[in-house]
Amino acid sequence: MKLIATISMALIGSLTPLVGFAAPVTCTGSPASMLDAARSEMKRGLDRAITAVRNEDARAVDKLTKWLGVNSSNQQQQILGILIAARGLADSVTFACDMINDSNTFEDAVASAEGGHELLFTAKYFSYPEVGVISRPIIFFHEMTHLPDVANANSNGVPAELYKEDEVLQLATDRPDDARRNASNYHYFLGDFLYGN
């Protein structure tokens, strides 16, 4: 089951309706407030992770190895750059909502355009909790890793996106280069770093 994919998908630039989706609209009211709160929590979490990785905190390094297959200083610096890029873009990302859709995804519907980044969230996203490994702030970060200016994760379907925790862990062990190109590996890294043991 594509757990994370059922939540939302990052879209860059202008959005057009896809089959099975309502025309995305600017998020207002409660969804907008929830997204602002998720963005704020994600930024705080990224600040903590950036500091820990910079300081080569043993717990952070362990999580980098566990979820992203990091086994060198160069790889650690690469991930640090991705965390910094996500943090740097966090305030400029805009949102669109499809509050009618509570199950479909925008899988493979990533488009590029000039003028910034826009994330589309379906109604399903708003049912997730405020904190935890699978929470709105961590899912927000997951979607940001798809952006070319962050990690360009799963660009052109490479690697095929994996979502389940056990598959993501196995990817980090068996194919660490692919793990560093899979959005869910970043998702689980940050979620586990912030909310795990």
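Here is a short report on the structure shown in this document. All of these numbers come straight from a predicted model, not from anything done at the bench. (Residues numbered from 1 in each chain as written. Predicted model: local features only at pLDDT ≥ 70, side-chain atom pairs only at ≥ 80, totals over all residues. Heavy atoms only, no water.)

Some words on the pairing of strand β3 (residues 94-98)
Argument step 1. Counting buried residues in β3 gives four out of five residues, a clear majority hidden from the surface.
Argument step 2. Sheet topology note: the strand β2 (residues 25-26)/β3 ladder contains two bridges and is antiparallel. Residue pairing in the sheet places Val25 in a bridge with Cys97 of β3.
Argument step 3. Two elements, β3 and strand β4 (residues 118-122), share five bridges in a ladder whose sense is parallel. From the neighbouring strand, Asp98 faces β4, where its bridge partner is Thr122. (Buried < 20%, exposed > 50% of the residue type's maximum accessible area, 1.4 Å probe, protein only. Helix = DSSP H or I, 4+ residues; strand = E, 2+ residues; numbered from the N terminus. Pairing = 2+ DSSP bridges.)

Focus on the packing of helix α2 (residues 58-68) against helix α5 (residues 165-174)
Argument step 1. Packing of α2 against α5 brings their axes to within 6 Å, and their N-to-C directions diverge by 100 degrees. With respect to α5, the element α2 is oriented roughly perpendicular. Residue-level inspection shows Thr65, Lys66, Trp67 and Leu68 of α2 in contact with α5, the latter providing Glu165, Val168, Leu169 and Ala172.
Argument step 2. Among the residues forming the contact of α2 with α5, the class breakdown is five nonpolar, one polar and two charged. (Axes fitted to C-alpha atoms, helices over the stretch in contact; angles between N-to-C directions. Parallel < 35°, antiparallel > 145°, perpendicular 65-115°, else oblique. Contact = heavy atoms within 4.5 Å. Nonpolar A, V, L, I, M, F, W, Y, C, P; charged D, E, K, R; others polar.)

Digging into the packing of aromatic side chains
Argument step 1. Applying the stated rule across the entire model yields seven aromatic pairs.
Argument step 2. Between Phe95 and Phe121, the ring centres sit 6.1 Å apart and the planes meet at 65 degrees, which makes this aromatic pair edge-to-face. Taken together, the positions of Phe95 in strand β3 and Phe121 in strand β4 put the pair 26 residues apart, joining distant regions of the chain.
Argument step 3. Judged by its relative accessible area of 11%, Phe95 falls in the buried class.
Argument step 4. With 4.4 Å between their ring centres and 50 degrees between their planes, Phe121 and Tyr125 make a pair best called tilted.
Argument step 5. With relative accessibility at 0%, the residue Phe121 sits in the buried group. (Phe/Tyr/Trp six-rings, centres within 6.5 Å; stacked < 30°, edge-to-face > 60°.)

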